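Fold and geometry: a report
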Amino acid sequence: MEGKRPNVAATTPDLSVQVGPLTLKAPVMPASGCFNVGQEVAHLFDLSCMGAIINKTVMPGPRPGNPPYRVLERTAGLINSIGIPSKGPAEFLEHQLPFMRSLGTRVIVSIGGLSEADYAGLAALMDAQEGIDALELDLSCPNHAERRPFALSADATRSLVRAVRRATRLPLIAKLAPNVSDIVAIAAAAMEAGADALCVANTYPAMGIDIEERRPVLGLQTGGLSGPAIKPMTLRLVWEIVSELDAPVIACGGVTTWRDAVEYLLAGARAVQVGTANFTNPRAIPDIIDGLRAYLVRHGFARVTDIIGAAQPPERRARIARPSA
Ligand SMILES: Cc1cc2nc3c(=O)[nH]c(=O)nc-3n(C[C@H](O)[C@H](O)[C@H](O)COP(=O)(O)O)c2cc1C
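The rules behind each value
Residues numbered from 1 in each chain as written. Predicted model: local features only at pLDDT ≥ 70, side-chain atom pairs only at ≥ 80, totals over all residues. Buried ≥ 20, exposed ≤ 12 C-beta atoms within 10 Å, placed from the backbone. Helix = DSSP H or I, 4+ residues; strand = E, 2+ residues; numbered from the N terminus. Contact = placed C-beta atoms within 7 Å. Near = placed C-beta within 6 Å. Nonpolar A, V, L, I, M, F, W, Y, C, P; charged D, E, K, R; others polar. Axes fitted to C-alpha atoms, helices over the stretch in contact; angles between N-to-C directions. Parallel < 35°, antiparallel > 145°, perpendicular 65-115°, else oblique. Left-handed = near helix turned anticlockwise from the far one by under 90°. Pairing = 2+ DSSP bridges. Right-handed = clockwise from strand over helix to strand, strands pointing away.

Here we take up helix α4 (residues 183-192). Of the residues making up α4, those classed as buried are Ile183, Ile186, Ala187, Ala189, Ala190 and Met191. Against the buried residues of α4 lie α3 (154-167), β9 (172-176), β10 (197-200) and α5 (231-244). Looking one or two residues beyond α4, the residue adopting positive phi is Gly194, at roughly 120 degrees.

What follows is the structure in structure tokens.
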């Protein structure tokens, strides 16, 4: 019947999405640093249901991270200043990458560094490995004692992504910082320099004070806020980027339930990452996938792509519907 949606209640909706050159079987994956690579939860659910697996950001060499305290719980969020401790690339290649490859899902390797040469060197190293589908560039960790995040500046972002682009043919996902005055300009700089997709975004600079001791709680004094508190703000960033640019966006910020995932998809994100929610619900990712599937069935959508950007104005939706957009 004209205008009536097909009855898909008896079928399973297609959850696959295209994120730039990457086809994901489902639009839900962990956020870097909040899931390790999944070994600890492998007994709780089938990790192959995820759209991708992502490691905690690997740095060019071993480093201890920041002094304690490094994590602080606050209303509706977590403040961390872990500072990317890393055992370096050799350990990653030997112990984590093989496990990631064994999961039967896309393998996204998150890399970090303190200089363009650090990122380019790691990108070249990962380019020489089998079974990596994409690199995520952590340009936005607010907790490096040594330097400001690259993603606070369009010029620094452009220059870094360009340097990495020259070092690898792997698809690149640029992970942006949320605390900027013009997120669209920085997103555009990353795409112009050769990024294939954007991860929007990292944690928001924040802090807590111990009122009995009368001093900052975190060892580095400040950290990054994540969890439910940040979702409405990151949703706005995703909306702004999708409204202005034809850039594939993976949303990351406060996704805790399937409702959060649906909101981001309606804003135009092509997939979501789940970070802090894993700490309170280790089954958050499969729960979100189940809830998303049930939402699609309930509303009569045969494909998750039918809802991507559906909250945007009609003229914008037409562009978002193109898989390359
Ligand atoms: C404890 C912790 C460690 C993190 N480590 C990393 C990391 O190594 N690399 C990275 O790109 N982001 C890291 N993040 C940021 C998350 O990937 C994510 O961008 C952020 O937490 C927002 O998502 P959420 O609200 O779902 O947690 C970390 C976040 C937390 C809470």
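Structure's up, so let's keep going.
Turning next to the site of the ligand. Surveying the vicinity of the ligand reveals 27 residues, the closest of which are Ala31, Gly33, Ser226, Gly275 and Thr276. Broken down by class, the residue content of the shell around the ligand amounts to 11 nonpolar, 13 polar and three charged.

Interaxial distance between helix α2 (residues 116-127) and α3 falls to 8 Å at its minimum, and their mutual angle equals 30 degrees. Compared by their axis directions, α2 and α3 come out roughly parallel. In terms of crossing hand, the pair formed by α2 and α3 is right-handed. Contacts from Glu116, Tyr119, Ala120, Ala123, Ala124 and Asp127 of α2 reach α3 at Ser159, Leu160, Ala163, Val164 and Ala167. Per-class residue counts for the contact of α2 with α3 are eight nonpolar, one polar and two charged.

Turning to the pairing of β10, a few remarks are in order. Alternating residues of β10 divide into Ala197 and Cys199 and Leu198 and Val200, and every residue in both groups is buried. Across four bridges, β9 lies against β10 in parallel orientation. Following the sheet pairing, Lys175 is matched in β10 by Cys199. Tracing the backbone out of β9, into α4 and back to the parallel element β10 gives a crossover that is right-handed.

Taken in spatial order, the eight strands make up an open sheet running β3-β16-β15-β10-β9-β8-β7-β4, and their pairing is parallel. The open sheet terminates on both sides in strands that have one partner only, identified here as β3 (28-30) and β4 (52-54). Neighbour-to-neighbour, the strand axes of the sheet open up by a mean angle of 25 degrees, direction not taken into account. Summarising the sheet, strand β15 (residues 249-252) and strand β16 (residues 271-274) pair through three bridges and their orientation is parallel. Across the sheet, residue Cys252 finds its bridge partner in β16, namely Gln273. The strands that α3 touches are β8 (134-138) and β9; relative to β9, the one it contacts most, it runs at about 155 degrees.

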